[in-house]
Structure formats: C-alpha cells, structure tokens
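Listed here are the chains, written in short residue letters.
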Amino acid sequence: LILSRSQSFSVSSQLENSCGKPEQTQTFSRRPVNVDRPTRRLLDSRERLERKLFPKVIEITMTLSTNNSTELAASSKADILNASTVPEIIDGGMGHMLRRLGVDISGPIGSQRRFLGVVLANTEQPEIVVAAHMAFLNAGAQVIITNNYAAVPNTLALSDGKYKDEDLETLVVASALRAREALEQHGTSNPGSKARVAGSLPPLTESYRHEQVPQDTTTLEVCYRRIATALNPHVDILLAETMSCVRESVAAVKAMVAVASEKT
C-alpha cells in the first residue's frame, strides 16, 4: 500500500489479463545502449514487467467517513497506462545490505531482536546507512525506503533500557534524514535523477505473524500515527509494508490518510 503526499488519496493496482498480453499498445522509452551488464539486467527486468501489465487500473479511493470508518470505492479505467502508473524500481533488503557493510545483526531470522541493530544504525552508524541507500540508488533504484522497519515499541523494548518508547520518533526521523542525505548525494552526481524517498509504516510485531497483531485497532492506529507524523515532513511517499492482516493494513492506511491530509 502506497500513499503519496497529495490532496488525492488513492491506491492503484494493475491487473493482468488472462493471456498476459496487453489489450492496447504501450509505448516504452528507448533505454541506453552503452550500459554495463548489471544495469542492462535491471532495465530488461523493468521492461518485461512493464510489458506484462494489463492496461486497466483499479483505483481504490480511501475516504474517511464521519464515523471514522474506512470506505473503499472502486472505479475502473480502461485507458492505457500513463507515465504515473508505470512501475518504479524499489530498493532491496536494507538489513542484508547493512550486514554486508558491517552492522551487527543477530537473533532468530524474522525476530524483532534481529532487526534491533538495523534500526539503531540510523543514529549509531549513520554513515553505513547512507552508504547502503547509495548502493541501491547507484544500482538503479528509483525509490528508497527509510530504514525504520524495526523502529517500533516492541523492538525498542529489547535494547536493555538504552532506548525507550519516547525515543521512537527520534529514530524514525533519523531514518528519514539518512535516506534524504543519500538522495542528495546521489542527486549531486546524477542531476537528472527523479529518485524519491518512501517512509515506511512497518509491522508492529514480528514479520508475517498475523496472530501477534493487537486486536485493539486504536493501539495500532495511534502507533502508526506517531510513525507517519515523524516521517511526513521528510519523505515523498508514505508506504505500508509487510502487512500480515487486513486489520493491520487498515490501521496503517488510516494513519497515512490522517497525517497526509493535515495542513502544514
């Protein structure tokens, strides 16, 4: 789920037709001829994805009613995909990259303890976080995601008292500033770059563990509101990632809508 900081709040998804071929002709921009092998593979992958997309967009418009419930209104577009709906390349696994660059990551795979070192790197090893973002940008990423996947209360509680719940916003903002710093550095050597920063609203519990998601939706919304509020001034997009159940997804989207619609 991705929500742009704009006046319209919509989530679009592309559908493929039954035979996997577009019903209308799509025009693709010519890619550079003289590129290295990794870049060529990246461009080839993007072209294959673009050509598979079925040119019909289902727009899901998120609106908040007076009773604070979320209503979904769907409408179809039969016109051809335009530039705003062409897929963009998002960065890769930040935790894996940080570990390669020297950040200590330990604990069971998928556990929040394993991600503790990742989020603390934003303040304790900021240069490594910037370097990781730069690696993805230099590889062709058009959207980099803030390194706050583990900046949630449950993970901070594992820091043996070093960080507390009230430090949540500080770590979230730090992650956004590291991403913005990398984007500025990348823009210096790539003046025409249109890369953007996406602010992450992550799962508040261990990844892919829907049974751990709190039943109290108010608790979810309050925490997501804190994260979105901290991110919003520093990012171009708000993104809810790795949602494991509908309840969690709705809470994240409602927080994004509320924060993005506030007057600044």
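The name given to the chain in an unreviewed UniProt entry is Hcy-binding domain-containing protein, and the organism recorded there is Octactis speculum.

**Considering the overall build of the chain**
Secondary structure summary: the chain contains eight helices and seven strands in total. The buried share among the 264 residues of the chain stands at 41%. For the chain, contacts bridging at least 24 residues in sequence account for 74% of all contacts bridging at least 6. For the chain, the accessible area works out to roughly 14,300 Å², and carbon and sulfur atoms hold 52% of it.

**Considerations on empty space enclosed by the protein**
Any empty space left between atoms is shown by rolling a water-sized probe over those atoms. Enumeration over the complete set of coordinates arrives at two cavities of 30 Å³ or more. Reported here for the largest cavity is a volume of approximately 60 Å³. Around the largest cavity, the lining comprises 11 residues; the ones closest to its centre are Q112, F115, Y149, P203 and T205. Its residues assigned to classes, the lining of the largest cavity shows five nonpolar, five polar and one charged.

**Here's the deal with the layout of surface pockets**
When its volume is computed, the second largest pocket comes out at roughly 600 Å³. Forming the walls of the second largest pocket are 22 residues, and the residues nearest its centre are G93, M94, G95, H96 and F115. If you list the elements that add at least two residues to the lining of the second largest pocket, you get α2 (94–100) and α3 (112–124). The element contributing the most residues to the lining of the second largest pocket is α2, with four residues. Residue composition of the lining of the second largest pocket, by class: nine nonpolar, nine polar and four charged.

**Structural notes on unusual backbone geometry**
Although it is not a glycine, D160 adopts a positive phi angle of roughly 55°. Here D160 shows up in the loop between α5 (153–156) and α6 (168–189). Its identity is not glycine, yet T242 carries a phi of approximately 55°, on the positive side. Topologically, T242 is positioned in the loop between β7 (237–240) and α8 (246–260).

**Things to note about α3**
With 13 residues, α3 should cover 18 Å at 1.5 Å per step; its first-to-last C-alpha distance of 18 Å lies within 8% of that length. Buried residues of α3: Q112, R114, L116, V118, V119, L120, A121 and N122, and no others. Lining the buried residues of α3 we find α2, α4 (126–138), α5 and α6.

**Here we look at the confidence of the model for the chain**
In regions of low pLDDT, the predicted coordinates are not meant to be interpreted in detail. Predicted confidence across the chain gives a mean pLDDT of 76, with 67% of residues reaching 70 or more. Taken element by element, the predicted model of the chain shows its lowest mean pLDDT in strand β2 (residues 10–15) (31) and its highest in strand β5 (residues 143–145) (97). For the stretch residues 1–31, pLDDT sits under 50, and the model shows 72 contacts to residues farther than four places along the chain or on other chains. The model gives residues 53–84 a pLDDT under 50, and that stretch makes 79 contacts with residues more than four places away or in other chains.

**Observations regarding the side chain of R178**
Within the fold, R178 resides in helix α6. Relative accessible area serves as the criterion here: at 15%, R178 is assigned to the buried category. Those residues within four positions of R178 in sequence are excluded, and the remaining contacts are N122, P126, V129, V130 and H133.

What counts as what
- Numbering of residues starts from 1 in every chain and runs along the sequence as written.
- Given that this is a predicted model, residues contribute local features only at a pLDDT of at least 70 and side-chain atom pairs are listed and counted only at 80 or more, while totals for whole chains, interfaces and linings are drawn from all residues.
- The side-chain figures draw on all heavy atoms in the structure; neither hydrogens nor water molecules are used.
- Helix numbering and strand numbering both begin at the N terminus, where a helix is a DSSP run of H or I of at least 4 residues and a strand a DSSP run of E of at least 2.
- Classification of residues uses two cut-offs on accessible area relative to the type maximum, computed with a 1.4 Å probe and protein chains only: under 20% is buried, over 50% is exposed, and between them is partly exposed.
- Throughout, a contact is declared for two residues whenever any of their heavy atoms are within 4.5 Å.
- Here, Shrake-Rupley sampling with a 1.4 Å probe gives the accessible areas, and only protein chains in the shown set may cover a residue.
- The way it works is a 1 Å grid over only the protein atoms, where trapped points that fit a 1.4 Å probe form a cavity and open points with protein on both sides within 12 Å along at least five of seven lines form a pocket, and then any residue with an atom within 4 Å of a point lines it.
- Grid points are joined across faces, edges and corners, and a volume is the space filled by probe spheres set on the points.
- Gly is put with the polar residues, along with every residue not named as nonpolar or charged; the nonpolar set is Ala, Val, Leu, Ile, Met, Phe, Trp, Tyr, Cys and Pro, and the charged set is Asp, Glu, Lys and Arg.
- Multiply 1.5 Å by the residue count of a helix minus one, and that product is the helix's expected span.
- Per residue, pLDDT measures the predictor's confidence, with a range of 0 to 100.

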